Amino acid sequence: MKMALFAASINANAAEIDLHEYHEVFSAMQELESELFALHQAGEQHCRIIHGIGSGVMQQATHNALKKNPMVLAFEQESSGGSTIAVLNK
């Protein structure tokens, strides 16, 4: 799984879900779930989720949602701290 996360992290063309402009966590998590479903249906293998750095509330909510989502095999926060790579199951 580490190789899949690494490959996804260096893929400049990876699909992105941008949540960092949402002010409400609930709305952002609805968007995350909707986008993950669409990417999974489209056969995408991974995506980058931009949650921003800020207070860490959006990052925490994002990681909690990814842990519970059956379409997500693994995820890892990128070194920048403002985004997370997720590997999706097929």
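Before any of the text, the structure's been laid out above.
What this report covers is the structure whose coordinates are included nearby. Note that the coordinates shown come from a computational prediction; the quantities given were computed from them, not determined experimentally.

**Quick notes on the overall build of the chain**
- Of regular secondary structure, the chain possesses 3 helices and 4 strands.
- Scanning the chain from its N terminus toward the C terminus, one meets helices and strands in the order α-β-α-β-α-β-β.
- For the chain, with 90 residues in total, the buried portion stands at 44%.
- The long-range share in the chain, meaning contacts at least 24 apart out of those at least 6 apart in sequence, stands at 65%.
- When the accessible surface of the chain is totalled, it reaches about 5,300 Å², and 54% of it is carbon and sulfur.

**Focus on the nonpolar core**
- Judged by nonpolar contacts, the single largest core of 18 residues is most densely connected at Ile17, Leu19, Met29, Leu32, Leu36, Cys47 and Ile49.
- For this core, the secondary-structure elements that each account for two or more residues are β1 (15-18), α2 (25-41), β2 (46-50), α3 (57-68) and β4 (83-88).
- No other element matches α2, which puts 5 residues into this core.
- Look past the residues within four positions of Cys47 in its chain and what remains in contact with it is Ala15, Ile17, Leu36, Leu39, Thr84, Ile85 and Ala86.

**Observations concerning α3**
- Taking 1.5 Å of rise per residue, the 12 residues of α3 would be expected to cover 16 Å, and the 17 Å separating its terminal C-alpha atoms lies within 8% of that figure.
- Among the residues making up α3, those that are buried are Met58, Gln59, Ala61, Thr62, His63, Ala65 and Leu66.
- Tucked inside the fold, the buried residues of α3 contact α2, β2, β3 (72-77) and β4.

**What about the sheet that holds β3?**
- Reading across from one edge, β1-β2-β4-β3 is the order of the 4 strands in this open sheet, with mixed pairing throughout. If you trace the sheet from one side to the other, it starts and ends with β1 and β3, each paired once. Ignoring which end each strand starts from, the neighbouring axes of this sheet average 25 degrees apart.
- Across 4 bridges, the pairing between β1 and β2 is parallel. Paired with Glu16 across the two strands is Arg48, which belongs to β2.
- Across the sheet, α2 lies against β1, β2, β3 and β4, angled at about 170 degrees from β1, the strand it touches most.
- In the packing of α3 onto the sheet, the strands contacted are β2, β3 and β4, and the crossing angle to β3 comes to about 155 degrees.

Rules used in this analysis
Throughout this description, residue numbers start from 1 for each chain and increase along the sequence as written. pLDDT decides what is reported in this predicted model: residues at 70 or higher carry local features, side-chain atom pairs at 80 or more are listed and counted, and totals for whole chains, interfaces and linings draw on all residues regardless. Water and hydrogen atoms play no part in the side-chain values, which are based on all heavy atoms of the structure. Only DSSP runs of H or I covering at least 4 residues are called helices, and only runs of E covering at least 2 are called strands; the numbering of each starts at the N terminus. Between buried and exposed lies partly exposed: a residue is buried under 20% and exposed over 50% of the maximum accessible area for its type, with that area taken using a 1.4 Å probe on protein chains only. Contacts are residue-level and defined by heavy atoms, with any inter-residue pair within 4.5 Å sufficient. Per-residue and other accessible areas were derived by the Shrake-Rupley procedure at a 1.4 Å probe size, with only the shown protein chains allowed to occlude residues. Residues belong to a common nonpolar core when they are buried Ala, Val, Leu, Ile, Met, Phe, Trp, Tyr or Cys residues joined through side-chain atoms within 4.5 Å. Residue count minus one, scaled by 1.5 Å, sets the expected span of a helix. A pair of strands counts as paired when DSSP detects no fewer than two bridges linking them. Between N-to-C directions, angles cover 0 to 180 degrees, with each direction set by a line fitted to C-alpha atoms, over the stretch in contact for helices.

Geometric descriptors of this kind do not, in isolation, establish any biological role.
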